[in-house]
4 protein chains.
Amino acid sequence: MKKLKMGLVGGGKGSFIGKVHHMAALLDNHITLVCGAFSHNPEISKLSGRDYHLPDDRIYENYADMICKEKKLSEDLRMDFLSIVTPNNLHFGPARMALESGFHVVCDKPMTFSLQEALALKQIVRDTGLIFALTHTYTGYPMVKHARHIISTGQLGNIRKVLVEYAQGWLSTPVEKTGNKQAAWRTDPKSAGITCTMGDVGTHAANLAEYITGLTITQVCADLTAFVPGRSLDDDGSVLLRFDNGARGVLTASQICAGEENALKIQVYGEKGGLEWHQMDPNTLILKWPDRPKEMIRTGVGQLSDAAMIHTRVPAGHPEGYLEAFANIYRNFALAVKAYREGKSPNPLYDFPGIEEGIRGMLFLEKVVESSSGMNKWVDMKKI
Amino acid sequence: MKKLKMGLVGGGKGSFIGKVHHMAALLDNHITLVCGAFSHNPEISKLSGRDYHLPDDRIYENYADMICKEKKLSEDLRMDFLSIVTPNNLHFGPARMALESGFHVVCDKPMTFSLQEALALKQIVRDTGLIFALTHTYTGYPMVKHARHIISTGQLGNIRKVLVEYAQGWLSTPVEKTGNKQAAWRTDPKSAGITCTMGDVGTHAANLAEYITGLTITQVCADLTAFVPGRSLDDDGSVLLRFDNGARGVLTASQICAGEENALKIQVYGEKGGLEWHQMDPNTLILKWPDRPKEMIRTGVGQLSDAAMIHTRVPAGHPEGYLEAFANIYRNFALAVKAYREGKSPNPLYDFPGIEEGIRGMLFLEKVVESSSGMNKWVDMKKI
Amino acid sequence: MKKLKMGLVGGGKGSFIGKVHHMAALLDNHITLVCGAFSHNPEISKLSGRDYHLPDDRIYENYADMICKEKKLSEDLRMDFLSIVTPNNLHFGPARMALESGFHVVCDKPMTFSLQEALALKQIVRDTGLIFALTHTYTGYPMVKHARHIISTGQLGNIRKVLVEYAQGWLSTPVEKTGNKQAAWRTDPKSAGITCTMGDVGTHAANLAEYITGLTITQVCADLTAFVPGRSLDDDGSVLLRFDNGARGVLTASQICAGEENALKIQVYGEKGGLEWHQMDPNTLILKWPDRPKEMIRTGVGQLSDAAMIHTRVPAGHPEGYLEAFANIYRNFALAVKAYREGKSPNPLYDFPGIEEGIRGMLFLEKVVESSSGMNKWVDMKKI
Amino acid sequence: MKKLKMGLVGGGKGSFIGKVHHMAALLDNHITLVCGAFSHNPEISKLSGRDYHLPDDRIYENYADMICKEKKLSEDLRMDFLSIVTPNNLHFGPARMALESGFHVVCDKPMTFSLQEALALKQIVRDTGLIFALTHTYTGYPMVKHARHIISTGQLGNIRKVLVEYAQGWLSTPVEKTGNKQAAWRTDPKSAGITCTMGDVGTHAANLAEYITGLTITQVCADLTAFVPGRSLDDDGSVLLRFDNGARGVLTASQICAGEENALKIQVYGEKGGLEWHQMDPNTLILKWPDRPKEMIRTGVGQLSDAAMIHTRVPAGHPEGYLEAFANIYRNFALAVKAYREGKSPNPLYDFPGIEEGIRGMLFLEKVVESSSGMNKWVDMKKI
């Protein structure tokens, strides 16, 4: 298989997530960056592109220009897919145009600015039949894959309780007023949409809960707050959850937990046992049993599920982290594109989040905001 | 000071908590057990009393008999206080009779069967002026005392978020049907009252949150569940919390978290930093700061608050645990009785939970049950 | 069974270990303190005795006086056994006199001032047939008992490697010169003997290694150092170990590991798996296996060995600590005294360290000092 | 800067470390693989090269052929440096030829088959003036860089004690007899040299100790063992260490610690405090202080040393692992090559292990083996 050729929208100088996408794409030697529109400022776009070792004629001023021009290049030159790493309000435009121009798409989360955009995007993905990946990074970890396997094979029995917590502290003070661009767009309804923290990290938590358990959230009861004066969007929130099988849960997401780094963790309890996973200690999956010792399953140790093993690169005890989890999504996306080209079905073991997870995320945000601002105890979150 | 003489109601053979009260009372050499009514079965009461090295004439058939007869003994013989370690429905009776007979009281939690009983008991405590202690054990840990000190001295700034979780797994299956007496009375509304899990462990969690933060819960939004078929009372529940200063929180309490032992933990975040404490690792208090290393405060290391230091017995690195925390409550209770006798005010550093904490607990239970069964989002929990 | 009556030598005001012995003795309600000679200063002895609630006529000026006078009391009054909590040079005298006067003995470690004294004491114990306990506290923990069970039942296979580390930091600076009495006698050859740190903590480590593995150290190669200027005895040392089955090991003991509290830990590896235990997290025993998850065995969880279960007081998740481990030694000693009186053999499950462990400890010290000061690589440590 | 062009010797199908070198080289987009001789089997070499997306004319049958032919290519095509990932006995040959042909070299450790080869290689590196990197991966972690900074800036005071432990379990059974190629060459003196485990992991431990402390090991006293029947080389060993400033230490390295993954950890104690780092939890550096809380320094949190910050790619809480540490070595090597080309001195902050560390490692192996087989207590390990 030849390397896939990647184009990038966003990710210019000062961006964090652009470089992450690029490193993740490079790691497994399946993908190479060939072009990009890195900033709405042409000068910054140019300088950023050179940092990525791109020739000037593949550095564009904006995504529309890029898509138009790349489309005209010969197949062996032009990009094969577009990665979108811009703020939320700038996902839908490039995603739509790329898909409609025949390019596959990798998009950061939350998928779109609104649920309405998400539903429109779903239609486009369906119509074009192209591959669409959403970078809910955390489901790329081998121990998350294994957790899902443990539950789907019934080892915990019927699931009763899910606790998921995503705590960060970097928005504890109004950093958006002192030049932090990451904070600025996330706290601005014009670029972020109807939520800040729930969109930025809460959707990861909700996605993780549904992914690991295989369950669907059916009702939410939320309390969102903006603690830092001057903010119009939430910087903290907690949500009571009800799942389709009767399980109950709590999701808490916050960016004002002063002193927390990126503390995403999940606990799930079934009739027979429980499990626990912490993103900051990602190579350990804790299994808890009523009458026997707690087990620490470790990446690479013993005979794990296929799902865990094919997402692991190095032997046990050589820690794999965030970039490797991210790279798993890119690797699987690349395999799906390969299968697409060969007219084959993708191997379900090499899974990655896509349009359906994006819809779930946007629906979650809409319902959580509705719940938080209303006086009804429960708001339904039906599948759409 | 002469040793205080203790009487015990409950705690017969097969009881767990009776022995715990006794060991906790003995540890510091301030208290000696002199009498007891250990079981409603006279034979078991007698055998139990002998296990405690009591002479037969101080082993009673029931609490009423004990209180009557002890009262008639000379002061140097008769018990000084009564410890009540019976099921919830048998707290109020002996507490009232003991207080009205001039005996101080130590009572297990939740304080009473109902809020109504709690309010009546408060009146009796007030009228008699005697010492009343409620064994919310977990506030007896030195690191909990220190956590309270950290917050009350403003080191975390204004508190914004409180997450408290109390997870056990021992009620994951219907053990109440297979001879587990501890489970039987807790799951039976006749002995437990309006809740099982919220009363048994949820009140500890609520007490801990209010104790450490110094805040008052003002509103609750609860979702209680009975997962195990055949139960009429909750074995699991989660509650969104609002506090008097505007802080938000989540309390989750469960006894169906299969594989969990006695996992009480709390995280508190303020404007300046956060703290975390786990009951199962009680000698460590984690402080988290936005821009500097996390600190692990340890029992006995360095210059801690007076509140932490006076509740510590052995040097750093020699772990103190549950019995020592429990003993701190008994030791402080003993000091309060001593102060009472000497007509002095008790030293507030040597604090312990009492009638007010009991009222808060019973109010919490009433409001949580009301919330869970209603459709209003928030139920007020005003101070009474 | 009536309570055993305890006498105490040492443990006056300012002592740490005296109170620990007392609390440990009280905890299980088998023992009561009846007399003591708490200090060579009569006034301090008197005041200390009153703190222990003793009447003045049972507070003595010195151990010889106490033993003489107690011996003359009637059996229902006089002490049953003597606990010795003085510096090393003051162990042999009271132990000998007590035993020769018919009193059982509990003695702190290291057992004596010299190996010669140890051997003499062994003869006296043998001749009198009385019960002698040595407070190597750490073998009193339930998870240590269970570790020994795991190995003795062959679950790890033949043992190959033992790593034991005991790190403290409190002697990092010359605190013996600034009024720290604990440091003063330990760093003084007149009271401590031929070593400081190896005697104070190294013997615990060696005892733990032999206890858990059931192996015997046969050769040592040691490097002892006095880091703090002015010290004539070691404050740090490391020892290569060889065991009777061919296993190898390392023991490191230090009191200049600045920042360490009381960090005793052990790792043992056999052909089939390994185990790890940390004194500062005593209720967890980690089992490691080549091809399956690491297991965290926890005090009170599931069906553990009898040895673990009978040394546990409270349910899982209610941490037991140092005092409880210490109390296990006193409880088992009390049961051995009871069996002695009844002419029965003590139950080997209720074991405790005694004269043999004391001999091993003193031999270890002598050989380690010999090795450290010589140029031969290996020094034999044959059983005597 | 244009991307550096990399050639690879070894790393064919079935190799672990070849892919690791490649991923590490790719991650930062400074390096691209252009050629390789992946196996002594030409067919396997060809298939392996295609896996790396190489054209057939850049896949060679052996390193000599590769170096000859690459040398004849134009500068914009030919490789810039050679990475050597073969067994120990096949390091010196390709390293010498590459250097003498004008190619920079990255070499896996231990550097050579013997100390003699190492000294010869040092002369070649000196003569050619080319860049030589040795992949002691673990010094590439940001928290290791920071640990070195903490000590070099005197924050722990004069160093007294160093404990370094490297425990693996994968050689607990004779896997070399059942087709494990990694085990086969490591346990074979013809390919591994005079040691197995000390060379494979012990040198990492020794390198880490010297790197972090800035001290030099001056004396060793070792006990090496081959536990698994049939082995002629060590699979386990422990070494007492003495350092040039008077510090003492212990190094233990083992591959028969059944159940261990890749457990490299180090503890260092100075007069003022201590530090601890675990490779399997690499983003945490623990600082211990005598009279204040333990601090957990975390990758990316707060203002760390420049050395830590420039070796970190993603924000705090997004774990970086082994591949990122490895990539730091490649990134720094690439910067050194760039500086070389520009005639500049490399920036010492962007350091990486090189020929001197290789000499130290080989000297360590020679002295440890000498010590283990002799009867003198101490063997000198003087700088050469």
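Here the structure is a predicted model, which means the values were calculated and not measured.

It is worth spelling out the overall build of chain A at this point. For chain A, the count of helices and strands is 12 helices and 14 strands. Against the 2.2 N^0.38 benchmark of 21 Å for 384 residues, chain A shows a C-alpha radius of gyration of 20 Å, consistent with a compact globule. Taking contacts inside chain A between residues at least 6 apart in sequence as the whole, the part at least 24 apart equals 69%.

A few words now on the nonpolar core. Counting residues in hydrophobic clusters, the biggest one holds 505 residues, and the most contacted among them are Val105 of chain A, Val105 of chain B, Val105 of chain C together with Val105 of chain D. In this structure Val105 of chain A touches Phe81, Leu82, Ile84, Ala95, Ala98, Leu99, Leu130 and Phe132 of chain A, once residues within four positions along its chain are discounted.

Right, let's talk about the pairing of strand 7 (residues 217-225) of chain C for a bit. All names here are of chain C. A large share of strand 7 lies buried, amounting to 8 of its 9 residues. Sheet analysis places strand 7 next to strand 8 (residues 236-243), joined by 8 bridges and oriented antiparallel. Note on strand 8: the bridge partner recorded for Ile217 is Phe243. Pairing between strand 7 and strand 14 (residues 379-380): 2 bridges, direction antiparallel. Residue Gln219 lies in a different strand from strand 14, and its bridge partner there is Asp380.

Attention now goes to the interface of chain B and chain D. Taken together, the contact pairs 11 residues of chain B with 10 residues of chain D. The class makeup of the residues in the side of chain B that touches chain D is 4 nonpolar, 2 polar and 5 charged. With 3 bridges connecting them, strand 13 (residues 294-298) of chain B and strand 13 (residues 294-298) of chain D associate as antiparallel partners. Its bridge partner being in strand 13 of chain D, Glu295 of chain B is matched across the sheet by Glu295 of chain D.

Mapping chain B onto chain D calls for a rotation angle of 180 degrees and an axial translation of 0.0 Å; the resulting RMSD is 0.0 Å. Each copy turns onto its partner about a two-fold axis. Looking at the rotation axis and the C-alpha trace of chain B, the residue lying nearest is Glu295 of chain B, at 2.3 Å. In this assembly the copies share their binding face: 91% of the residues contributing to the interface of chain B also contribute to that of chain D.

The two copies are related by a screw motion: chain B maps onto chain A through a turn of 180 degrees and a shift of 0.0 Å along the axis, at an RMSD of 0.0 Å. Taken as a fraction of all interface residues of chain B, those also at the interface in chain A reach 100%, which identifies the copy contact as same-surface.

All names here are of chain D. At a minimum axis distance of 10 Å, the contact between helix 3 (residues 63-72) and helix 4 (residues 92-100) shows a crossing angle of 10 degrees. One element, helix 3, and the other, helix 4, form an angle in the roughly parallel class. When helix 3 is examined against helix 4, the residues Tyr63, Ala64 and Ile67 are found in contact with a partner set consisting of Pro94, Met97 and Ala98. Taken together, the residues of the contact of helix 3 with helix 4 sort by class into 6 nonpolar, no polar and no charged.

Residues and elements named next belong to chain D. Where helix 1 (residues 17-27) meets helix 11 (residues 322-341), the axes come as close as 8 Å, and the angle between the chain directions of the two elements is 70 degrees. Regarding the angle of helix 1 to helix 11, the classification is roughly perpendicular. Note that helix 1 runs across helix 11; the crossing there is right-handed. Facing helix 1, whose interface residues are Val20, Met23, Ala24, Ala25 and Leu27, helix 11 presents Leu323, Phe326, Ala327 and Tyr330. Across the contact of helix 1 with helix 11, the residue classes tally to 9 nonpolar, no polar and no charged.

Here the focus is helix 2 (residues 42-51) of chain B. Residue and element names in this part refer to chain B. Buried residues of helix 2: Ser45, Ser48 and Gly49, and no others. The arc that holds the buried residues of helix 2, viewed along the axis, is 100 degrees, so those residues lie on one side. Looking at helix 2, the residues exposed on the side facing more than 90 degrees away from the buried face are Glu43 and Arg50. Close packing links the buried residues of helix 2 with strand 2 (31-37).

Residues and elements named next belong to chain A. According to the domain assignment, chain A consists of domain 1 (4-130) and domain 2 (143-314 + 359-373). Taking only C-alpha atoms, the centre of domain 1 and the centre of domain 2 are 27 Å apart. Taken together, the 15 residues of domain 1 in the interface contact 15 residues of domain 2. The residue inventory of the side of domain 1 that touches domain 2, partitioned by class, reads 8 nonpolar, 5 polar and 2 charged.

Next up on the list: the sheet that holds strand 5 (residues 132-134) of chain A. Residue and element names in this part refer to chain A. Strand order in the open sheet formed by 5 strands is 2-1-3-4-5, with parallel pairing between adjacent strands. Since the sheet does not close on itself, it has two edges, and those belong to strand 2 (31-37) and strand 5, each with one partner. Each neighbouring strand pair of the sheet contributes to a mean axis angle of 20 degrees, computed without reference to strand direction.

Right, let's talk about the sheet that holds strand 2 (residues 31-37) of chain C for a bit. All names here are of chain C. The parallel open sheet is built from 5 strands, whose spatial order is 2-1-3-4-5. Since the sheet does not close on itself, it has two edges, and those belong to strand 2 and strand 5 (132-134), each with one partner. For this sheet the average axis-to-axis angle between neighbouring strands, irrespective of direction, equals 20 degrees. Two strands pair when backbone bridges link them, and strand 3 (residues 81-84) and strand 4 (residues 104-107) are joined in this way by 4 bridges, in the parallel orientation.

Parameters at a glance
Residues numbered from 1 in each chain as written. Chains lettered and ligands numbered in written order. Predicted model: local features only at pLDDT ≥ 70, side-chain atom pairs only at ≥ 80, totals over all residues. Helix = DSSP H or I, 4+ residues; strand = E, 2+ residues; numbered from the N terminus. Rg over C-alpha atoms; globule rule 2.2 N^0.38 Å. Contact = placed C-beta atoms within 7 Å. Core = buried A, V, L, I, M, F, W, Y, C linked by C-beta atoms within 7 Å. Buried ≥ 20, exposed ≤ 12 C-beta atoms within 10 Å, placed from the backbone. Pairing = 2+ DSSP bridges. Nonpolar A, V, L, I, M, F, W, Y, C, P; charged D, E, K, R; others polar. Least-squares fit on C-alpha atoms with pLDDT ≥ 70 in both. Axes fitted to C-alpha atoms, helices over the stretch in contact; angles between N-to-C directions. Parallel < 35°, antiparallel > 145°, perpendicular 65-115°, else oblique. Left-handed = near helix turned anticlockwise from the far one by under 90°. Arc of directions from axis to C-beta. Domains from an automatic or database assignment.

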